[in-house]
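Fold and geometry: a report
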Amino acid sequence: MKRITLLLILLVSLVSAQNMENKDITICWDTSFSMLDRDLEKEFDLLDKVFQRSPNQKVQLILFNIITEEKEFQITDGDWSELKDVLIQSKADGATIYDGLADLIKNDQVYFFTDGNALIADDNIPIKKGNFLINSLPDRNENFLKQSALLGRGRLMDFAAILPDNIQSTVTGGANEQPKAIAGTVYIDNVPADEIEVRIKGTETVYKTDDSGKFSLPAVPGDSILISSRSNRTMKTVPIGYFDSNVDIFLEANVTTLDEVVVTEKRVEAISKDLVNTGNGLKSKEELGYAVQSIGEEEITPIQTDLSQSLQGKFSNVTLGGDQDLTQFKGRSNNTLLGNNYGLVVVDGVPIQQSDSSTGFLGDASFINPANVADITVLKGFAATNRYGTLGNNGVLLITTKTALAGKGSGALANSALVQDNVYESDTEMNLNQSALTKALENTGTTEEAYSKYLTLRNFNEKNVPFYLDAFAHFKDKDHKLAAIIISNLWELNPKDETYMKLVELSSRYLGNNSLSAIINNELNRSRPTAIQPFFTEAKLQLAKGDYQEALNSLSVLEKGGAYGTMNVTPISKSLERELKNLVFQKRSSLDVTRVKEAYFKNTQMNVRLLVEWSNPKAEFEIQFVNPQNRFFNWEHTTGANQNRIQEEVTLGYAMEEFEIYDDLKGDWKINAIYKGNLEPENDDPLVLLCSVYENFGYPSQKKKLVWLYLDNQGTKKRIVEVKI
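Residues numbered from 1 in each chain as written. Predicted model: local features only at pLDDT ≥ 70, side-chain atom pairs only at ≥ 80, totals over all residues. Heavy atoms only, no water.

Some details on the overall build of the protein chain
- Per the secondary structure count, the protein chain includes 18 helices and 31 strands.
- For the protein chain, the residues scored as buried account for 50% of the 725 residues in total.
- Within the protein chain, counting contacts between residues at least 6 apart in sequence, those at least 24 apart form 65% of the total.
- Working note: accessible area of the protein chain is about 35,600 Å², and carbon and sulfur atoms make up 47% of it. (Helix = DSSP H or I, 4+ residues; strand = E, 2+ residues; numbered from the N terminus. Buried < 20%, exposed > 50% of the residue type's maximum accessible area, 1.4 Å probe, protein only. Contact = heavy atoms within 4.5 Å. Areas by Shrake-Rupley, 256 points an atom, 1.4 Å probe, with all protein chains shown as cover.)

Here it is in structure tokens:
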């Protein structure tokens, strides 16, 4: 009886508030995924009372999730059946965003039907005095609804508050706000660590990480979490910010054994940085009486699958023969018509079989792994013949591998420079199998039929992440609007998860939905103000929208370390430099470049530029480059390949890498992505890649395309792009 009385009071309040005169109204109808189980009977009963009171009026209907759709209806003699049909047929799908509603509302009398599950921290429902805010879902954001009604001086009609479970809390009011739960994972040397002590600094209560390195403890903004491990002799303090709800802590084991320490008075003279390999050991350039040229590993492009590509343009008067093999290099002009004009290649002190131009014999240096090369030195003239006699007449290439430098070399080749199994046989390992959803959608006739099929199957896959990704993959090139709504469900289902927010942001950018990308990127920046990638993304979005001066200003500020000059942008400095140079090159006539550094007025040029951004910095994967000779090189984003890389990404807040291909080796290149897993073995979050592929980068004929793909099972291999050089 009590509940019925409360409901009647709400309805009487609603009807009496509307003037006896006919007055046009606006209905804002939330169609986001969280409204799936709304109580239409209660909501329609309320609208019945509205139209009984004012039977003749115009109604502006605004359907909204991440996008808005506006319709108008003429209600005559209280007949609102046409409007009701549209409301019944509206589909609950996508995320909830209230931003932009205020600009669409035309009437003073407004009825908002929503559950208040806002995703944006400072979002608000544009309530005004006399407006109504109506909710029929138990799983609503009660505090946000109350706050919105209070700030806008509107009236809240929360049917869920009348339910038995909620009556007592409505009458007595909520309890005092409690500390929120802070969850996280502790890694030691990039591996989730169990039994690590975690506590709020200044308190005695100790929590410990579980077998997966995870912990959870109550904290309030301003607290600091103290993480310590006696066995690993390491500890760290992490402050908790206002928006923090999940933190990842990386520690390094600090176990050190000292047998003996001897302190002497002898001052060690500074060793010259200009040490070069002469074939007789390392010597300073100042000690030599001849010129020696050398390059280090930093000058060897990571995607070069054949070391011969590193010689091009790096050494003066050094050229390659027609087959472009390393053993066919010439360190001087042809000095004989009958003799051999090719030089000698020496790896870790051991000469390899020399090519001979006089007999036509060709050696093979393709076994040398560029990723294992520490440096290359060219010896000419006396420097070459002094050590290798007549074999060095045409010059000598001295190659030192990282394996040899680490003391693991045996004095012979012994596979120290060998690329193991780097011949790309075929695409048989490519993941070409279609999911059941993909097959079902492709078997439909039209986009509308496919979307209807998706909604039907969603009833059995409401929280199945690959389901939404497969659906997005189907619609992304067919209907951008539907694709954006579908992928935004993952944000609605995981509202505070940075990985899913980034996933949706990358997917929205692929669709060209810059407004949604900007909203999510702002939220990422708000949750982690020190993360560097949201600032880079902001500039990219400005470029996409044609706001070139704003993009130039944003990139310039970020290149200098942000607004306060304190951000470490070194990991993305290459991308920053190329974006700045390319923007100045393309739009200089319309830009104010008075504050741009002189170095940015000369553009970088390359055949292919590949910028890869990904959603989850803790994912392990490989980017595989296959050159026209069917040799491949894998750039690894794994703990095994680079222990500090993943930790740096999580700490500094970025997940991107830059690659380039020059015309050293012409032909067809294939670029693949291979999923290897996650730092947390039980974590099955998918990995989404957004790849910006630029052809003829830095030239007037430059063109760009975006490639989107996701990887969710260990060992999955998918093609990013094929390009012809």
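Regarding the pairing of strand S23 (residues 396-401)
- With respect to burial, S23 is a largely interior element, six of its six residues being buried.
- Side chains of S23 alternate between two faces, with Val396, Leu398 and Thr400 and Leu397, Ile399 and Thr401 buried alike.
- Across four bridges, the pairing between strand S20 (residues 344-347) and S23 is parallel. When the bridges of S23 are listed, Val346 appears paired with Leu398.
- Note that strand S22 (residues 373-379) and S23 share six bridges and pair antiparallel. When the bridges of S23 are listed, Thr377 appears paired with Leu398. (Pairing = 2+ DSSP bridges.)

Thoughts on helix H17 (residues 573-587)
- Over its 15 residues, H17 runs 21 Å from end to end, which matches the ideal 21 Å to within 8%, given 1.5 Å per residue.
- Regarding H17, the residues found buried are Ser575, Leu576, Arg578, Glu579, Leu580, Lys581, Asn582, Leu583 and Val584.
- In the core, the buried residues of H17 are packed alongside helix H15 (533-545), helix H16 (548-559), strand S24 (606-614), strand S27 (656-661) and strand S29 (687-697). (Expected span 1.5 Å × (residues − 1).)

Let's talk about the packing of H15 against H16
- In contact at an axis separation of 8 Å, H15 and H16 are set at 160 degrees when each is read in the N-to-C sense. The angle between the axes of H15 and H16 places the two elements in the roughly antiparallel class. Note that H15 runs across H16; the crossing there is left-handed. Along the contact surface, H15 presents Phe535, Phe536, Ala539, Gln542 and Leu543, while H16 presents Tyr548, Glu550, Ala551, Ser554, Leu555 and Leu558. (Axes fitted to C-alpha atoms, helices over the stretch in contact; angles between N-to-C directions. Parallel < 35°, antiparallel > 145°, perpendicular 65-115°, else oblique. Left-handed = near helix turned anticlockwise from the far one by under 90°.)

What about H16?
- In this model, H16 (twelve residues) spans 16 Å end to end at C-alpha, consistent with the 16 Å of a helix rising 1.5 Å per residue.
- When we look at burial in H16, the residues that qualify are Ala551, Leu552, Ser554, Leu555, Ser556, Leu558 and Glu559.
- Buried positions along H16 lie against H15 and H17.
- Gly561 sits one or two residues past H16 and shows a positive phi near 100 degrees.

Looking at the environment of Lys91
- Note on placement: Lys91 falls in the loop between helix H3 (81-89) and helix H4 (101-104).
- Its relative accessible area of 46% is what places Lys91 among the partly exposed residues.
- Separated by 28 residues in the primary sequence, Lys91 and Leu63 have C-alpha atoms spaced 9.9 Å apart.
- Those residues within four positions of Lys91 in sequence are excluded, and the remaining contacts are Thr31, Tyr451 and Leu455.

A short note on the sheet that holds strand S12 (residues 224-229)
- What the four strands build is an open sheet, ordered S10-S9-S12-S13; its pairing is antiparallel. The sheet is open, and its two borders are formed by strand S10 (207-208) and strand S13 (234-239), each paired with just one other strand.
- Bridge analysis of S12 against S13 gives six bridges, and the strand direction is antiparallel. Within S13, the residue paired with Ser224 across the bridge is Pro239.

What about unusual backbone geometry?
- For Arg153, which is not a glycine, the phi torsion comes out positive at approximately 60 degrees.
- Its relative accessible area of 55% is what places Arg153 among the exposed residues.
- Positioned with a positive phi, Asn696 is a non-glycine residue whose angle comes to about 55 degrees.
- In this fold, Asn696 is placed in strand S29.
- Take Asn696: its relative accessible area is 29%, and that puts it in the partly exposed class.

Structural notes on the sheet that holds strand S25 (residues 619-626)
- Taken together, four strands build an open sheet; the order of strands is S26-S25-S28-S31 and the sheet is antiparallel. Bordering the open sheet on either side are strand S26 (632-637) and strand S31 (717-724), each of which pairs with just one other strand. Across the sheet, the axes of successive neighbouring strands diverge by a mean angle of 20 degrees, strand direction being ignored.
- Relative to S31, strand S28 (residues 668-678) runs antiparallel, the two sharing seven bridges. Residue pairing in the sheet places Ile674 in a bridge with Lys717 of S31.

Considering the environment of Pro192
- Position of Pro192 relative to the elements: it lies in strand S8 (residues 191-192).
- Separated by 21 residues in sequence, Pro192 and Gly213 place their C-alpha atoms 4.5 Å apart.

Some details on the packing of aromatic side chains
- Within this structure, the stated rule accounts for 22 aromatic pairs.
- Consider the rings of Tyr451 and Phe475, whose centres lie 6.4 Å apart with planes at 85 degrees: the pair is edge-to-face. With Tyr451 in helix H10 (residues 447-458) and Phe475 in helix H11 (residues 465-475), this pair connects stretches of sequence that are 24 residues apart. The burial state of Tyr451 is the same as that of Phe475; both residues are buried.
- An aromatic cluster of three or more residues is present, and its members are Phe33, Tyr451, Tyr454, Phe467, Tyr468 and Phe475.
- Between Arg38 and the ring centre of Trp29, over which it is positioned, the NZ or CZ distance is 3.9 Å.
- In this structure, Lys718 packs its charged tip against the face of Tyr710, placed 4.3 Å from the ring centre. (Phe/Tyr/Trp six-rings, centres within 6.5 Å; stacked < 30°, edge-to-face > 60°. Lys NZ or Arg CZ within 6 Å of the ring centre and 35° of its normal.)

Considering the nonpolar core
- Ranked by internal contacts, the top residues of the largest apolar core, which has 42 residues, are Tyr454, Leu469, Phe475, Leu490, Trp491 and Leu503.
- Only helix H9 (436-442), H10, H11, helix H12 (480-493), helix H13 (498-511), helix H14 (514-527), S29 and strand S30 (703-711) provide two or more residues apiece to this core.
- If one sorts the elements of this core by residue count, H12 sits on top with eight residues.
- The residues contacting Leu503, other than those within four sequence positions of it, are Leu469, Ile487, Leu490, Ser615, Pro686 and Val688.
- Within the second largest apolar cluster, 29 residues are counted, among which are Leu610, Trp614, Leu689 and Ile725. (Core = buried A, V, L, I, M, F, W, Y, C linked by side-chain atoms within 4.5 Å.)

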